[in-house]
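What follows is the residue order along each chain.
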Amino acid sequence: MQKQKIASEAAALVDTGDTVLITGSGGGLMDADRVFEALEDRFLSTDRPRNLTLIHATGIGTREHTGLSRFAHEGLVRRVIGGHWAWSPEMIDLALDEKIEAYNLPQGVLSLLTREAAAGRAGLFTSVGLHTFVDPNQSGGKLNACTTEALVERTTVADRDRLFYESPTVDVTILRGTTADERGNISTEQEAADLDILSAAQAAKRGGGTVIAQVKRLAEAESLPPRSVKVPAPLTDAVVVHPEQRQTVEAAHNPSFSGELRTPDDALAPLDFGLRKIVARRAAQELRPNTVVNLGFGISDGVANVAAEQDALDDVTFSIEQGLVGGIPAKGDIFGASHNPEAIVDATHQFDFYHGGGLDLTFLGMAQVDAHGHVNVSKFGDQLPGCGGFIDISQNTPEVVFCGSFAAGGLEISVSDRGLVIEQDGTIPKFVADVEHVTFNGDYARRQEQRVLYVTERAVFRLRADGLELTEIAPGVDLEEDVLAPMQFTPDVSPSLSRMDAQIFRP
């Protein structure tokens, strides 16, 4: 096979100054880490390549030294354009220390831009990102002071405000599949997603660039079923075989993730009782039959487990932005996979559906909330997780349920016969006077007539015309001492303030 190369040979195909598009997702999902490692080794031993521009739609890595962190060396990259940063603390440090130019753009926008680049189109006009930190009227997606070039333009199309994101020119794409045949056709039969690997490969070839594919195994030429081929041979230039390639960081191969078999729903571990489950139970009360639902990363992913425990999975269709439809989205580090998915589609097509308003309901996290109903999940304190698909989803879904703890920093709770007991409150308030980053704009949501709910373990708020209104509090907590006093603003209190369902707090 002429295209087969060892990892160091593939790494040598990347030149100084190249724009490199990498694919993958958190927790090792479709992470071509053997190629990334070879690139890192080459740089550390030869000081080449240098000054790369790195583009990644999703977070890539495991929070250890894998994935995106392989590139986190001063001099190796000069600019990073990412949708989600949380999986690489080392790259975050470079951005916060002003060592690289750093941008955060919506994950769906970056995924769709990959397709625009593949087609040779100038870029993407969309409302996604308006009135958030991505809007040039705020920071234009720039994350630090040394980042000055504008990548996002505010314009008017058909008398409507839009943002224009210019298509990148891609020199090298690095992707991952399961099997390569001798011609270089790539299949993904053991992967937990397809992401946007086809568009990413096409984007590189459109500009005469190079496509490097990491796979687990080789097959005879033309032996792959045509419908299993995700990246055709004419689009690949180098294939690196890595037999130890793991499906995710948690398992070498879980066939229920790739749709090869179904795991009985009752065989999946239930969500442990605690704050996460309390929040997920209350949030799950917003589920309605015959709806298509998105779950975000973090505390909100527990909603699917609660639905499974309550035998409600047949009533709704859960989906996540990596392209999974149906099933039970996985939790924690391997968020991006789903147990027993009904369909695995390209992430670009999933975001077409999301941007077009196809979702009925979404459950998302929240790090900060202010009096306007703005939500921040992208940058706070010394944390820079990025927005991921949060903006794409939250701006285009008619009903949004934000989920999170009421405070951070050491919060400890228990339950008693009376209800919720706050053993130790958090030292970091999450209901603040003003969010540090506007990832969700409450004023814009009101104009779009979205229904917005904010669910915590001790209180539930709704977005009203004048800001947040407190509508429910947990049994056992004191309104003044436990809810209003820790907040940095005073919400309206509903005249029909009620107690949260007591069953939520029963183990």
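Everything quoted here is computed from the prediction, not taken from an experiment.

**Student:** Could you give an account of the overall build of the protein chain, with specific residues and numbers?
**Tutor:** Counting its regular elements, the protein chain contains 11 helices and 32 strands. Since a compact globule built from 507 residues should have a radius of gyration of about 23 Å, the 23 Å found for the protein chain is in line with a globular shape. Dimensions of the protein chain, computed from the C-alpha atoms along their principal axes, are close to 70 × 50 × 45 Å. The buried share of the protein chain, reckoned over its 507 residues, is 61%. Partitioning the contacts of the protein chain with sequence separation of at least 6, the portion at a separation of at least 24 is 73%. When the accessible surface of the protein chain is totalled, it reaches about 19200 Å², and 45% of it is carbon and sulfur.

**Student:** Explain the pattern of salt bridges residue by residue, including any values.
**Tutor:** All chains considered together, the criterion is met by 28 salt bridges. With its nearest N and O atoms 3.4 Å apart, the salt bridge here joins Asp-194 to Lys-230. Of the two residues, Asp-194 is situated in the loop between strand S10 (186–187) and helix H5 (197–206) and Lys-230 in strand S13 (residues 229–231); the sequence distance between them amounts to 36 residues. The exposure class of Lys-230 is partly exposed, given its relative accessible area of 28%. Across the pair Asp-425 and Arg-458 runs a salt bridge, and its minimum N-O distance is 2.9 Å. Highlighted residues: Asp-425 in the loop between strand S27 (419–424) and strand S28 (428–429) and Arg-458 in the loop between strand S29 (451–455) and strand S30 (459–464), separated in sequence by 33 residues. For Asp-425, a relative accessible area of 27% gives the class partly exposed. By relative accessible area, which is 0% here, Arg-458 ends up buried. A network of salt bridges, in which partner residues are shared, links Arg-282, Glu-286, Arg-288, Glu-399, Arg-451 and Glu-472.

**Student:** So, the environment of Gly-108: which residues are in play, and what are the values?
**Tutor:** The residue Gly-108 is located in helix H4 (residues 107–118) in this model. Put simply, Gly-108 and Gln-322 are 214 residues apart on the chain and 9.5 Å apart in space, counted from C-alpha to C-alpha. When sequence neighbours within four positions are dropped, the list of residues in contact with Gly-108 reads Phe-351, His-355 and Asp-392.

**Student:** An account of the state of the cysteines is requested, with residue identities and associated values reported.
**Tutor:** Working definition: the covalent bond between the sulfur atoms of two cysteines is a disulfide. Tallying each qualifying case throughout the model produces zero disulfides. Distance from the sulfur of Cys-146, which forms no disulfide, to the nearest cysteine sulfur (Cys-387) is 19 Å. Free of any disulfide, Cys-403 has its nearest cysteine sulfur in Cys-387, 18 Å distant.

**Student:** For H5, give the residues involved together with the corresponding values.
**Tutor:** Residues Ile-197, Ser-199, Ala-200, Ala-201, Ala-203 and Ala-204 constitute the buried set of H5. Where H5 is buried, its residues contact strand S1 (19–22), H4, strand S8 (172–176), strand S11 (210–215), S13 and helix H8 (347–355). Remark: Gly-208 follows H5 within two positions and exhibits a positive phi of approximately 75°.

Rules behind the numbers
- Residues numbered from 1 in each chain as written.
- Predicted model: local features only at pLDDT ≥ 70, side-chain atom pairs only at ≥ 80, totals over all residues.
- Heavy atoms only, no water.
- Helix = DSSP H or I, 4+ residues; strand = E, 2+ residues; numbered from the N terminus.
- Rg over C-alpha atoms; globule rule 2.2 N^0.38 Å.
- Buried < 20%, exposed > 50% of the residue type's maximum accessible area, 1.4 Å probe, protein only.
- Contact = heavy atoms within 4.5 Å.
- Areas by Shrake-Rupley, 256 points an atom, 1.4 Å probe, with all protein chains shown as cover.
- Salt bridge = Lys/Arg side-chain N within 4 Å of Asp/Glu carboxyl O.
- Disulfide = S-S within 2.5 Å.

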